[in-house]
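Survey of secondary and tertiary structure
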Amino acid sequence: MSYKKIIEEVYERVKNQEDTGRLATYIPELANVKAASFGVHVSTIKKEDFGFGDHLEKFSIQSISKVLTLSLAYTILGEDIWKRVDVEPSGTPFNSLLQLEADNGIPRNPFINAGAIVVADILMSNLKNPKEDFLQFVRSISNNSSINYNEKVAASEKSVGFRNIALCNFIKSFGNIHNNAEEVLDFYFNVCSLEMNCKELSDLFLFLANGGKNIQTGKQIVTKRQAKRLNAIMQTCGFYDEAGEFSFRVGLPGKSGVGGGIIAVHPDEFAIAVWSPRLNKKGNSYKGFSFLEEFTTVSKSSIF
Ligand code: GLU
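Right, let's walk through the structure included here. (Residues numbered from 1 in each chain as written. Predicted model: local features only at pLDDT ≥ 70, side-chain atom pairs only at ≥ 80, totals over all residues. Heavy atoms only, no water.)

A closer look at the site of the ligand
Taken together, 13 residues surround the ligand, and among them Y26, Q62, S63, Y188 and Y240 come closest. Q62 is positioned such that a nitrogen or oxygen atom in its side chain is 2.5 Å from a nitrogen atom of the ligand. In isolation the ligand offers 300 Å² of accessible surface; the protein chains occlude 99% of this area. In terms of residue class, the shell around the ligand is made up of six nonpolar, five polar and two charged. (Near = heavy atom within 4 Å. Polar contact = N/O pair within 3.5 Å; in protein donor to acceptor, adjacent residues only side chain to side chain. Areas by Shrake-Rupley, 256 points an atom, 1.4 Å probe, with all protein chains shown as cover. Nonpolar A, V, L, I, M, F, W, Y, C, P; charged D, E, K, R; others polar.)

This is the structure:
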């Protein structure tokens, strides 16, 4: 059976399931989305792509952007990046301060907020115009110059970002933030506010299914080895303290965000994006998770 048929069938089934999730409202602007939205889009390395439902509606990709900042920082620092941030699952919520003190300000991994703030600091030190240069990087990977930040979402998060402010200053006290904390956070909030639809997201992440290479231009975005490692970190750390459960039930490397998006990658085959804004208790899209579980089961496309 083709992926298209399977995706369509699973989409219809999951669409009608009861959704016990809740919108992320701690960022006020994120509460303004249509809670029942549900879209899915797949892009394959054979250059097929198709989607269903609200797959062409833009949403806030939030923490999914952490894979993109890490990708760019990795190309700049190479393996030295791991002196600033570790690669172990944290087993704690995405915004936790708990382990930082014992770990001397080295975040457990780049996909929790603490780690992504350090990665943002690395980019601040290495890019001339961090916001513009990073956006340019994202646009070039996706071959799409319309991708942008949502300033309203960034400002909304900034107005209530007390946890992230605490994280950034705490890490700075250990010497692992080199720039002005306020400027690092401003960059971080903007990066989180990136907006995309499911099609744009799955097209963009195809480079990680394709050994780090842009499928359209043939340009190597990250090395093959770096792509392997980025996928490995997505597998082990991509879903807050539910990464084990995601591996167990879905079996693909991926990353979620509190905007309700999930991107999952099958190396050498496809990237699939799902968006449904109601989140389960651990902060992952309720329907997105269910959809991907059923999809990899029916299509036998778990990597395990
Ligand atoms: N901007 C969000 C925060 O820092 C990202 C959270 C997420 O999507 O995991 O709280």
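Some words on the state of the cysteines
Within the structure shown, the criterion is met by zero disulfides. Free cysteine: C168, not disulfide-bonded; nearest cysteine sulfur from C192 at 12 Å. Not engaged in a disulfide, the cysteine C237 finds its nearest cysteine sulfur in C192; these two sulfurs lie 17 Å apart. Here C237 falls in the buried class, since its relative accessible area comes to 4%. (Disulfide = S-S within 2.5 Å. Buried < 20%, exposed > 50% of the residue type's maximum accessible area, 1.4 Å probe, protein only.)

Concerning the nonpolar core
In terms of nonpolar packing, the biggest core is built from 66 residues, with L68, F134, L194, L201, L204, F205 and L208 touching the most fellow members. Broken down by element, this core gets its largest block of residues, nine residues, from helix 4 (residues 113-126). The contacts of L194, once residues within four sequence positions are left out, are F59, S60, I61, Q62, S65, L68, F134, L135, V138, I147, N148 and Y149. Residues F38, F246, A264 and F289 belong to the second largest nonpolar core, which totals 24 residues. (Core = buried A, V, L, I, M, F, W, Y, C linked by side-chain atoms within 4.5 Å. Helix = DSSP H or I, 4+ residues; strand = E, 2+ residues; numbered from the N terminus. Contact = heavy atoms within 4.5 Å.)

Details of the side chain of N144
Residue position: N144 is located in the loop between helix 5 (130-142) and helix 6 (151-160). Within polar-contact distance, the side chain of N144 engages the side chain of S146 at 2.7 Å. Setting aside its immediate chain neighbours within four residues, N144 contacts R139 and E200.

Comments concerning the layout of surface pockets
Taken as a whole, the largest pocket encloses approximately 190 Å³ of empty space. Together, 13 residues line the largest pocket, and F94, N280, K281, K282 and G283 are the ones closest to its centre. In the lining of the largest pocket, the residues fall into seven nonpolar, three polar and three charged. Its volume calculated, the second largest pocket comes out at about 160 Å³. Lining the second largest pocket we find E29, L30, N32, V33, K34, K58, F59, S60, N150, V153, E195 and W275. Residue classes in the lining of the second largest pocket are distributed as five nonpolar, three polar and four charged. (1 Å grid on protein atoms, 1.4 Å probe; cavity = no way out; pocket = protein on both sides within 12 Å on 5 of 7 lines; lining within 4 Å. Points joined across faces, edges and corners; volume = space filled by probe spheres on them.)

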